[in-house]
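Residue-level listing of the chains:
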Amino acid sequence: MQAIIDEIAQKMAASPDKGKVASYIPQLARVDPNQFAISVALPNGETYSAGCAQTSFSIQSISKVFTLTLALGKLGEHIWTRVGREPSGDPFNSIVQLEHEHGKPRNPFINAGAIAIADTIIQSSQSEEALAEIVQFMRFLADDDSIAIDYKVARSEVETGNRNASLAYFMASFGHFNNPVDAVLRTYFHHCSIAMTTQQLAKAGLFLANDGINPATGYAIVTPQRAKRINALMLTCGHYDGSGEFAFRVGLPGKSGVGGGILAIAPGKASIAVWSPGLDVIGNSKLGTEALELFANKTGWSVFGS
Ligand code: GLU
């Protein structure tokens, strides 16, 4: 495993085209694109890393996997009255489908869907409590109390978040929200701004590769059926309108973030986190996808066969 990921990290370092860092969140535009990290966490407790796996980055939309998990724990199947389970085929921040579909987002991983999920996590309008719960959940999963929100990134998102605010107010106009729009947006922007290393992220995702059980602690985070379903949503919706391409090239459930991270799950085998800040035109990590494609080819771990 170490030889495989060392070779991948070397190849990525030599790649001439590293993509473009996200610029619509000014704080993300400042990140050096010449960084790459990969970590692989196995159910037996071993973790392998290459590149700058100790550098924290903004997990952005990867946080949506964990807020979905929390919301499922709170509301169970009822959450499917708030969001759908179909790929959108549209960009991550698209508003067009919302009007046709009466304010119910297609899935929990597009921005509108994740904003709706944030609403379900908040109780008594307190975004602080919801955020504390989300951060605590990440710390518990990764077994690492140093995980925290990057408040500079959060402020940057709040200041430039007009599109997300539009999505939220539009959904609220259908009467779907339980909480004030401000509190929902605040929760959403801040959970996207959680900073983690690939090593922490790979560990946090391991329950999804292990039938819902965190092997480090033995705790059942979700049932095996729920883990399977979260993986299915990651495969079909985890890369926005690039989800089909990611399935075609990598063949693993995965969730990307505009910070350049991707969490990929090889069910029964491993949780893999990669990070490279440069994005492709759709907004998914360019080298992160290339690295995972190489990884899936070398290990034969694609869910579609080797
Ligand atoms: N916080 C980002 C946004 O709302 C998340 C997008 C992403 O990571 O894909 O635009």
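Residues numbered from 1 in each chain as written. Predicted model: local features only at pLDDT ≥ 70, side-chain atom pairs only at ≥ 80, totals over all residues. Heavy atoms only, no water.

1. Some points on the side chain of E157
Mapped onto the elements, E157 comes out in helix α7 (residues 151-159). Of the polar contacts made by the side chain of E157, one reaches the side chain of Q60; its length is 2.8 Å. Those residues in contact with E157, other than ones at most four positions away along the chain, are I25, Q60, F189, C192 and S193. (Helix = DSSP H or I, 4+ residues; strand = E, 2+ residues; numbered from the N terminus. Polar contact = N/O pair within 3.5 Å; in protein donor to acceptor, adjacent residues only side chain to side chain. Contact = heavy atoms within 4.5 Å.)

2. Focus on the layout of surface pockets
Approximately 250 Å³ is the volume found for the largest pocket. Among the elements of the structure, α2 (26-29), β3 (57-58) and α7 are those that each provide at least two residues to the lining of the largest pocket. For the lining of the largest pocket, the residue count by class is ten nonpolar, six polar and three charged. (1 Å grid on protein atoms, 1.4 Å probe; cavity = no way out; pocket = protein on both sides within 12 Å on 5 of 7 lines; lining within 4 Å. Points joined across faces, edges and corners; volume = space filled by probe spheres on them. Nonpolar A, V, L, I, M, F, W, Y, C, P; charged D, E, K, R; others polar.)

3. Let's talk about the pairing of strand β8 (residues 270-275)
By the criterion of burial, β8 is predominantly enclosed, with six of the six residues buried. Residues A270, I272 and V274 of β8 are buried on one face, and the alternating residues S271, A273 and W275, pointing to the opposite face, are buried as well. Hairpin geometry of strand β7 (residues 261-266) and β8 is characterised by an intervening segment of three residues between the two adjacent antiparallel strands and by a positive phi of about 80° at G268. (Buried < 20%, exposed > 50% of the residue type's maximum accessible area, 1.4 Å probe, protein only. Pairing = 2+ DSSP bridges.)

4. Considering the sheet that holds strand β5 (residues 194-196)
The strands that make up a sheet pair up through hydrogen bonds in the backbone, lying either parallel or antiparallel. With antiparallel pairing, three strands are arranged side by side in an open sheet as β3-β5-β4. The open sheet has two edge strands with one neighbour each: β3 and β4 (148-149). Pairing analysis gives two bridges linking β3 to β5, with the strands arranged antiparallel. Following the sheet pairing, F57 is matched in β5 by M196.

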